[in-house]
Amino acid sequence: MAQQTQARHWAIVVHGGAGDIDRAELGPERDKAYREALSEAVKAGAAVLDHGGSALDAVEAAIRAMEDDPHFNAARGAVFTAAGKTELDAAIMDGATLRAGAVADVTRTRYPITLARAVVEKTPYVLLVGPGADAFSLDAGMEQEGAAYFFTESRWQSLIKQLQKEGKPIPPRPEGAPLPERAVPVTQLEEAADTHRYGTVGVVALDRSGSIAAGTSTGGLQGKMPGRVGDTPLIGAGTYASNQSCAVSGTGVGEYFIRYTVAREICALVQYKGFTLQQAADEVIHKRLAPIHGDGGVIAIAPDGHLAWSFNTPGMFRARMVEGGPLEVHIYNDEP
Ligand code: ASP
């Protein structure tokens, strides 16, 4: 639902993934845990903005909070490939300068969003992938983690369930992963399985100088083929920001977001067709993606203070805050 801030007031919107998120299936405890996790992310970004920090810094701070939180499919709580490995993608873009940085298929970086930012600041490039990106991460002094850090039992069980269903081989448990009996009880794991297919994180922010930024971080799709890269690190698909139009972060089935260049398309409708931010987001998510089963959603922000979110799935983990206003957190499609 659209909302507009006063001029020169900061604002931030975050998402923690979209999908078949069902109230009954999620249950009150996990509902509460997700809302708290989303609130923490907003607060991390809001603290930066409230101290006069840039939208870019706020985006990075809020995403780092979610990359550390195993509820989300980003860094620590990332999903696994069909080979049982973690391959992380992230991107960040500054609306003032159009400078953007992204990484794909990185395997050891604790904060992929900070690595994406290092691509902006320390290289002349926009996108680094695979072993080269892992090597750059080390060189750039990023915190490194082993496979056990990125391991969560619920996501592992969810992967096994999916691979069994698809008749695919089950990969060995990652090295250093805790023994199954020491991890989460199986009943909770069963319940968690489907929700845990989602959880990509994204943030858009507006700072007091009137500048906007966007960032997105993900483990991609559960059970993906090793080497598969989604929309998240592709500028214009899952992530885009320009002070001429808007900043967008998307989540959903990346292949559709890539084909429809979702993030840039929304901004183009605002820039060239005079759509409001909400109209533009709804046009792409509901009119173009929904009919072809391009499941997912976006969050968006404009330099004039308009905020929007739009999704064609039963839920999207999402939250927002405007300077001086309340922190709003929503999950299901029957909430505002
Ligand atoms: N868009 C992400 C990807 O395709 C996944 C997601 O948002 O859930 O990699």
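Residues numbered from 1 in each chain as written. Predicted model: local features only at pLDDT ≥ 70, side-chain atom pairs only at ≥ 80, totals over all residues. Heavy atoms only, no water.

**Details of the environment of Thr152**
Point 1. Here Thr152 shows up in the loop between α4 (130-139) and α5 (153-165).
Point 2. Sequence-wise, Thr152 and Ala83 are 69 residues apart; in three dimensions their C-alpha atoms are separated by 15 Å.
Point 3. Those residues in contact with Thr152 that lie beyond four places of it in its chain are Pro70, Arg76, Gly77 and Phe80. (Helix = DSSP H or I, 4+ residues; strand = E, 2+ residues; numbered from the N terminus. Contact = heavy atoms within 4.5 Å.)

**Details of the packing of helix α8 (residues 262-273) against helix α9 (residues 277-289)**
Point 1. Two elements in contact, α8 and α9, have axes whose closest approach is 8 Å; the angle formed by their N-to-C orientations is 135°. One finds that α8 runs oblique with respect to α9. The crossing of α8 and α9 is right-handed. Taking contact as the criterion, the partners of Val262, Glu265, Ile266, Leu269 and Val270 in α8 are, on α9, Leu277, Ala280, Ala281, Glu283, Val284, Ile285, Arg288 and Leu289. (Axes fitted to C-alpha atoms, helices over the stretch in contact; angles between N-to-C directions. Parallel < 35°, antiparallel > 145°, perpendicular 65-115°, else oblique. Left-handed = near helix turned anticlockwise from the far one by under 90°.)

**Describing the sheet that holds strand β2 (residues 11-19)**
Point 1. Ordered by their spatial adjacency, eight strands build an open sheet running β5-β4-β3-β7-β6-β2-β12-β13, and the pairing between neighbours is mixed. Of all strands in the sheet, those bounded by a partner on one side alone are β5 (127-129) and β13 (328-332). Going from strand to strand, the sheet's axes swing by 10° on average, the running direction of each strand aside.
Point 2. Bridge analysis of β2 against strand β6 (residues 201-206) gives five bridges, and the strand direction is antiparallel. Pairing of His15 across the sheet is with Gly202, part of β6.
Point 3. Its contacts with the sheet place helix α1 (residues 23-50) against β2, β6, β12 (315-322) and β13, and it is angled at close to 145° to β13. (Pairing = 2+ DSSP bridges.)

**Side note on a nonpolar patch on the surface**
Point 1. A contiguous nonpolar patch, built from Val126, Leu127, Val129 and Ile235 and spanning about 290 Å² of accessible area, is present on the exposed surface.
Point 2. Mapped onto the fold, Leu127 is located in strand β5. (Patch = residues over 30% accessible without salt bridge, like charges linked within 9 Å, V, L, I, M, F, W, Y side chains within 5 Å. Areas by Shrake-Rupley, 256 points an atom, 1.4 Å probe, with all protein chains shown as cover. Salt bridge = Lys/Arg side-chain N within 4 Å of Asp/Glu carboxyl O.)

**Details of the nonpolar core**
Nonpolar side chains tend to gather and get buried jointly when the protein is soluble and globular.
Point 1. With 51 residues, the main nonpolar core has Ile12, Val14 and Val203 as its most contacted residues.
Point 2. When residues of this core are assigned to their parent elements, the largest contribution, eight residues, is made by α1.
Point 3. With residues up to four places along the chain from it excluded, the contact list for Val203 reads Ile12, Val13, Val14, Val59, Ala62, Ile63, Met66, Ala213, Ala214, Gly215, Ser249 and Ile299.
Point 4. One finds Val13, Val248, Val262 and Ala281 within the second-largest nonpolar core, a separate group that totals 38 residues. (Core = buried A, V, L, I, M, F, W, Y, C linked by side-chain atoms within 4.5 Å. Buried < 20%, exposed > 50% of the residue type's maximum accessible area, 1.4 Å probe, protein only.)

**As for the pairing of β13**
Point 1. With five of five residues buried, β13 is to be regarded as a mostly interior element.
Point 2. Of the pairings in the sheet, the one linking β12 to β13 comprises four bridges and is antiparallel in character. Its bridge partner being in β13, Arg318 is matched across the sheet by His330.
Point 3. Between β12 and β13, which pair antiparallel in sequence order, lie five residues; one of them, Gly324, sits at a positive phi of approximately 85°.

**Looking at the state of the cysteines**
Where two cysteines share a covalent bond between their sulfur atoms, that bond is called a disulfide.
Point 1. The full count for this structure, using the stated rule, is one disulfide.
Point 2. Paired through a disulfide, Cys246 and Cys267 show a sulfur-sulfur distance of 2.3 Å. Negative torsions about the S-S bond denote left-handed disulfides, and the value of about -110° found for Cys246 with Cys267 makes this one left-handed. Taken together, the residues Cys246 in the loop between β8 (239-241) and β9 (247-252) and Cys267 in helix α8 connect sequence positions 21 residues apart.
Point 3. For Cys246, a relative accessible area of 0% gives the class buried.
Point 4. Judged by its relative accessible area of 0%, Cys267 falls in the buried class. (Disulfide = S-S within 2.5 Å.)

**A closer look at the pattern of salt bridges**
Point 1. In this structure the tally under the stated criterion is 20 salt bridges.
Point 2. When the shortest N-O distance is used, the salt bridge between Asp334 and Arg23 registers 2.9 Å. Remark: Arg23 occurs in helix α1 and Asp334 occurs in the segment after β13; sequence separation between them is 311 residues.
Point 3. Residue classification places Arg23 among the partly exposed positions, given a relative accessible area of 43%.
Point 4. The residue Glu153 makes a salt bridge to Arg173 at a minimum N-O spacing of 2.6 Å. Of this pair, Glu153 sits in helix α5 while Arg173 sits in the loop between α5 and α6 (186-195), placing them 20 residues apart in sequence.
Point 5. Here Glu153 falls in the buried class, since its relative accessible area comes to 5%.

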